[in-house]
Amino acid sequence: MAMRAKITAQGAALLALCLALLAACTPDLTPDEYELRNMKPSNIVPKSSPKALVTAFERFCLDAGTLAETRAALRTGDYVPVPDRVGELQVWLVDDQRPAVLLNDTDCVVMAQSRTGQTERVKRLVASRFPQAKPVTGSRFENLWSEGRSLIFTRRVTPNAAPSQFMLGISQGS
């Protein structure tokens, strides 16, 4: 019986030592940060289809409602927030082929790699969802439309040697 107690005490001590070593090696991360660390790099700005890009834009930028409702819809859609912001925009990512979503109180952007068909799909979306939108020329955007207090835009960027990225966004001024 004394031997069994000694082994149990040694086992408990070993377990405590292992847990202490693991705690010392593992930084304090949130569940979201653990999930983001396991993301495929190609899914950070994925090759979303034009349909997936426009669908995400409608769901999260046009139809979700308030900022709190949009965040809840993103969570329900398996997106997680990136701890760091891009300017004033909070970035939301999901580890599949759906586009990244960036948002704040007045702006919402979806972003994916440039693909064929995106430009025409977006033009059809703007014509159907913003029938009064007027093109704005002379801006740094690929396309810019104005309807009331809203600006709808597309923009392409090519960061370093990475594939070009396509952004579709809306800014709703006050």
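Our subject is the structure listed above.
Okay, so let's go over this structure. No experiment lies behind these values; they were computed from the predicted model shown.

With that settled, the discussion passes to the environment of Ser42. With respect to the element layout, Ser42 can be found in the loop between helix 2 (31–37) and helix 3 (50–62). The spacing of Ser42 and Asp95 is 53 residues in sequence and 8.9 Å in space, taken between C-alpha atoms.

For the rest of this paragraph, the subject is the pairing of strand 6 (residues 143–147). Where strand 5 (residues 134–135) lies against strand 6, 2 bridges are found, and the strand directions are antiparallel. Along strand 6, the bridge assignment pairs Lys134 with Ser146. Pairing of strand 6 with strand 7 (residues 150–157), which is carried by 5 bridges, proceeds in the antiparallel orientation. Following the sheet pairing, Leu144 is matched in strand 7 by Phe153.

Scanning the model with the defined rule gives 5 salt bridges in all. The shortest N-O distance in the salt bridge between Arg98 and Asp96 comes to 2.8 Å. The salt bridge involving Arg156 is made with Glu142; its shortest N-O contact spans 2.7 Å. Note that Arg156 is positioned in strand 7 and Glu142 in the loop between strand 5 and strand 6, a separation of 14 residues in sequence. For Arg156, a relative accessible area of 30% puts it in the partly exposed group. For Glu142, a relative accessible area of 35% gives the class partly exposed. Here the residues in one salt-bridge network are Glu58, Asp63 and Arg129, joined through shared partners.

Take the packing of aromatic side chains next. Any aromatic ring pair is given by two values, namely how distant the centres are and how the planes are angled relative to each other. Inspection of every chain in the model, using the stated rule, returns 2 aromatic pairs. When the ring of Phe60 is compared with that of Tyr79, the centres are 5.4 Å apart and the planes differ by 70°; the resulting orientation is edge-to-face. Within this pair, whereas Phe60 is found in helix 3, its partner Tyr79 is found in the loop between helix 4 (67–76) and strand 1 (80–86), the two being separated by 19 residues in sequence. Here Phe60 matches Tyr79 in class, with each residue buried. Considering the side-chain rings of Phe141 and Phe153, the 4.8 Å spacing of their centres and the 40° angle between planes classify their relative orientation as tilted. In this pair, Phe141 sits in the loop between strand 5 and strand 6 while Phe153 sits in strand 7, placing the two residues 12 residues apart along the sequence. With relative accessibility at 21%, the residue Phe141 sits in the partly exposed group. For Phe153, a relative accessible area of 12% corresponds to the buried category.

Pairing between the strands of a sheet is mediated by backbone hydrogen bonds and can be parallel or antiparallel. A sheet is described by the order of its strands in space; here 8 strands give the open sequence 1-2-3-4-8-7-6-5, paired in antiparallel fashion. Both outer strands of the open sheet, strand 1 and strand 5, are each paired with one neighbouring strand and no more. Where strand 4 (residues 107–113) meets strand 8 (residues 165–172), 7 bridges bridge the pair, whose relative direction is antiparallel. Within the sheet, the bridge partner assigned to Asp107 lies in strand 8 and is Ser171. Against the sheet, helix 5 (residues 118–129) makes contact with strand 4, strand 6, strand 7 and strand 8, and its axis sits at roughly 5° relative to strand 6, the strand it touches most.

Of all 7 residues in strand 4, 6 are buried; the element is thus mostly enclosed. Where strand 3 (residues 100–103) and strand 4 come together, 4 bridges link them in antiparallel fashion. Across the sheet, the residue bridging to Ala100 is Met111, located in strand 4. With antiparallel pairing between neighbouring strands as the criterion, strand 3 and strand 4 make up a hairpin whose turn holds 3 residues.

Cut-off values and rules
Residues numbered from 1 in each chain as written. Predicted model: local features only at pLDDT ≥ 70, side-chain atom pairs only at ≥ 80, totals over all residues. Heavy atoms only, no water. Helix = DSSP H or I, 4+ residues; strand = E, 2+ residues; numbered from the N terminus. Pairing = 2+ DSSP bridges. Salt bridge = Lys/Arg side-chain N within 4 Å of Asp/Glu carboxyl O. Buried < 20%, exposed > 50% of the residue type's maximum accessible area, 1.4 Å probe, protein only. Phe/Tyr/Trp six-rings, centres within 6.5 Å; stacked < 30°, edge-to-face > 60°. Contact = heavy atoms within 4.5 Å. Axes fitted to C-alpha atoms, helices over the stretch in contact; angles between N-to-C directions.

That's the geometry; what it means functionally is another story.
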